Amino acid sequence: MQNAKLNNSQSSILNKEPMAKSDIKTMAGKKKRVALALSSGGPRGFAYIGALEVLAERGYEVSAIAGTSIGALVGGVYAAGHLAEFKTWLLSLDTRKVFSLVDWSLSMSHLVKGEKIIEAIKEVVPDVKIEDMSLPFSAIATDLYTGEEVVFDKGDLFSAIRASMSIPSLFKPVQYGNTVLIDGHSSNCLPLNRVKRTKGDILVGFDTNYFDVEAIRATVANAQKITADYQELQEAKDAEIKALSTTIKGDENTSFWRKLVALGAVHYEAMREVRTFREENVDTLPEIDWDRNYYAIIDRTFSIMNQHNSRLMVEVCKPDILVQMPFDSYGDMADYALAKEIIDNGRKLMAEALDRYETRPRKWWQR
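Residues numbered from 1 in each chain as written. Predicted model: local features only at pLDDT ≥ 70, side-chain atom pairs only at ≥ 80, totals over all residues. Heavy atoms only, no water.

In contact at an axis separation of 11 Å, helix 5 (residues 115-122) and helix 6 (residues 157-164) are set at 145° when each is read in the N-to-C sense. The handedness of the crossing between helix 5 and helix 6 comes out as right-handed. Together, I118, I121 and K122 of helix 5 and F158, I161 and R162 of helix 6 make up the contact between the two elements. Grouping the constituent residues of the contact of helix 5 with helix 6 by class yields four nonpolar, no polar and two charged. (Axes fitted to C-alpha atoms, helices over the stretch in contact; angles between N-to-C directions. Helix = DSSP H or I, 4+ residues; strand = E, 2+ residues; numbered from the N terminus. Left-handed = near helix turned anticlockwise from the far one by under 90°. Contact = heavy atoms within 4.5 Å. Nonpolar A, V, L, I, M, F, W, Y, C, P; charged D, E, K, R; others polar.)

As structure tokens, this is what we get:
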């Protein structure tokens, strides 16, 4: 599979040419070298752009990248030396433009062909061969037949990226020789073990499939409480109106029209209170109806598997720095139009992770 070539004329932080393989040794002692692994994660993966910016600003030199799905896309674009152009293009996308890049399919095996988005990106980032890029790069896909992990470290860049991004049932699988490839998250969601290491480098993983269990439990409990409070308020107001209706019915000294006006005023005020409570509390609740239909359940199940996949990889191949973005922070199709917000979050998360790393307690020989 094939790939996109490095832009030697770029001089900004984002377009700064990645370190040549022959120069890696000469950088020792001058900049802290980072072997970077980027997970799958849909629109949350735009956070990697902000993370890469912060790494450069803080004096860290990315010496190699491995990525899965959106991690393969952002990592590959960076390794090709075109992250600045890609970021500019992303920031130009609104919801309408995002949906215009979806080439729907009537196939029984997928909903989206996935060709339109790749072609649009290639207009911004030229295709090159992975082995010709200055930065060692690997993209992860999965063999649908055998379940094996497929690592692309040579060939066309965008062929590798497209295979790595073939989300099952959503994007069309990629025919590869005698087999078919799907998204790499099925076999290696956070490829810490596939990034090329050099002596003295720092292994950094950015995982956007993190389940913040305590936050999820708190969110669910809060939603259940607010829903119960809303129902209780509705019942209380209904009872109040019924009680008033019964009272004024037996009042023979008040005219029909006065009774009607009094009942109408109480009813209006009750409905106003209920509506205000709903708008301020119920309508602002995050969507947590993950069991609403079979697709929602399957989607959530995939996400749970990704989270466990990433967590196990962290145990097997412990990174020096682990950056985590909660899975539930972004994920809808419309969130692809929130690039600036997600990039800014990526900057914040990476900066916090570097602060923790740089201020960690160290032995005297590590200083």
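Following the structure, the description resumes.
Before going further, it helps to examine a nonpolar patch on the surface. Where nonpolar side chains cluster on the molecular surface, the patch consists of F99, W104 and L111 and spans about 330 Å² of accessible area. With respect to the element layout, L111 can be found in strand 3 (residues 110-112). (Patch = residues over 30% accessible without salt bridge, like charges linked within 9 Å, V, L, I, M, F, W, Y side chains within 5 Å. Areas by Shrake-Rupley, 256 points an atom, 1.4 Å probe, with all protein chains shown as cover. Salt bridge = Lys/Arg side-chain N within 4 Å of Asp/Glu carboxyl O.)

Let us look at helix 5. Among the residues of helix 5, those classed as buried are I117, I118, A120 and I121. In an axial view of helix 5, the angular spread of the buried residues amounts to 160°, which keeps them on one side of the axis. On the buried face of helix 5, the contacting elements are helix 2 (70-79), helix 3 (83-91) and helix 6. (Buried < 20%, exposed > 50% of the residue type's maximum accessible area, 1.4 Å probe, protein only. Arc of directions from axis to C-beta.)

Another aspect to go through is the pattern of salt bridges. One side chain can pair with another of opposite charge once the charged atoms of both are near each other. In this structure the tally under the stated criterion is 19 salt bridges. A salt bridge links E53 to R347; the shortest N-O distance between them is 2.9 Å. Here E53, found in helix 1 (residues 47-57), pairs with R347, found in helix 10 (residues 339-358); they are 294 residues apart in sequence, far enough to count as distant. Here R347 falls in the partly exposed class, since its relative accessible area comes to 26%. E315 is paired through a salt bridge with K318; the nearest N and O atoms lie 3.3 Å apart. A residue is classified by how much of its surface remains accessible, and K318, at 56% relative accessible area, is exposed. Residues participating in the shared-partner salt-bridge network are E53, E57, K87 and R347.

On to the nonpolar core. Of all hydrophobic cores here, the largest spans 67 residues; its most connected members are L36, F86, W89, F137, F152, F206 and M350. The leading source of residues in this core is helix 10, at nine residues. Beyond its immediate stretch of four places on either side in the chain, F137 contacts I65, A72, G75, G76, A79, I130, F152, D153 and L157. Counting residues in hydrophobic clusters, the runner-up holds 11 residues, among them V195, L203, M313 and C317. (Core = buried A, V, L, I, M, F, W, Y, C linked by side-chain atoms within 4.5 Å.)

Moving on, we get to the pairing of strand 10 (residues 321-326). Of the two faces of strand 10, the one lined by I321, V323 and M325 is fully buried and the one lined by L322, Q324 and P326 carries no buried residue. As paired strands, strand 9 (residues 202-210) and strand 10 are joined by five bridges and run parallel to one another. Pairing of D207 across the sheet is with Q324, part of strand 10. (Pairing = 2+ DSSP bridges.)

So, on to the pairing of strand 2 (residues 60-68). Burial analysis of strand 2 places nine of its nine residues in the buried class, which makes it a mostly covered element. The handedness of the strand 1 (residues 32-38) to strand 2 crossover, carried by helix 1, is right-handed. Across four bridges, the pairing between strand 2 and strand 4 (residues 137-143) is parallel. Bridging across to strand 4, T68 finds its partner in I140. (Right-handed = clockwise from strand over helix to strand, strands pointing away.)

Moving on, we get to the environment of A270. Structurally, the position occupied by A270 is in helix 8 (residues 256-282). Residue class for A270 comes out buried when judged on its relative accessible area of 1%. Measuring from C-alpha to C-alpha, the distance between A270 and D238 comes to 8.1 Å, with 32 residues separating the pair along the chain. In this structure, A270 is in contact with K237 and I241, ignoring residues within four places of it in sequence.

Moving on to the packing of aromatic side chains. For the structure on display, the rule yields seven aromatic pairs. Considering the side-chain rings of Y230 and F277, the 6.1 Å spacing of their centres and the 5° angle between planes classify their relative orientation as stacked. One end of the pair, Y230, is in helix 7 (residues 213-249); the other, F277, is in helix 8, with 47 residues separating them in the sequence. Note on Y230: relative accessible area 15%, which makes it buried. Judged by relative accessible area, which is 21%, F277 ranks as partly exposed. Note that K32 overlies the ring of Y60, its terminal NZ or CZ placed 4.2 Å from the centroid. Residue placement shows R360 over the ring face of Y357; its charged tip is 3.9 Å from the ring centre. (Phe/Tyr/Trp six-rings, centres within 6.5 Å; stacked < 30°, edge-to-face > 60°. Lys NZ or Arg CZ within 6 Å of the ring centre and 35° of its normal.)

Across the eight residues that make up helix 6, a large majority, seven, are buried. Within helix 6, the full set of buried residues consists of L157, F158, A160, I161, R162, A163 and S164.

All right, on to the packing of helix 1 against helix 2 then. Two numbers describe how helix 1 lies on helix 2: the axes approach to 10 Å, and their chain directions differ by 40°. Classified by the angle their axes make, helix 1 and helix 2 are oblique. When you trace helix 1 past helix 2, the crossing you get is right-handed. Counted together, Y48, I49 and L52 of helix 1 and I70, G71, V74 and Y78 of helix 2 form the full contact between these two elements. Here the contact of helix 1 with helix 2 is composed, by residue class, of six nonpolar, one polar and no charged. (Parallel < 35°, antiparallel > 145°, perpendicular 65-115°, else oblique.)

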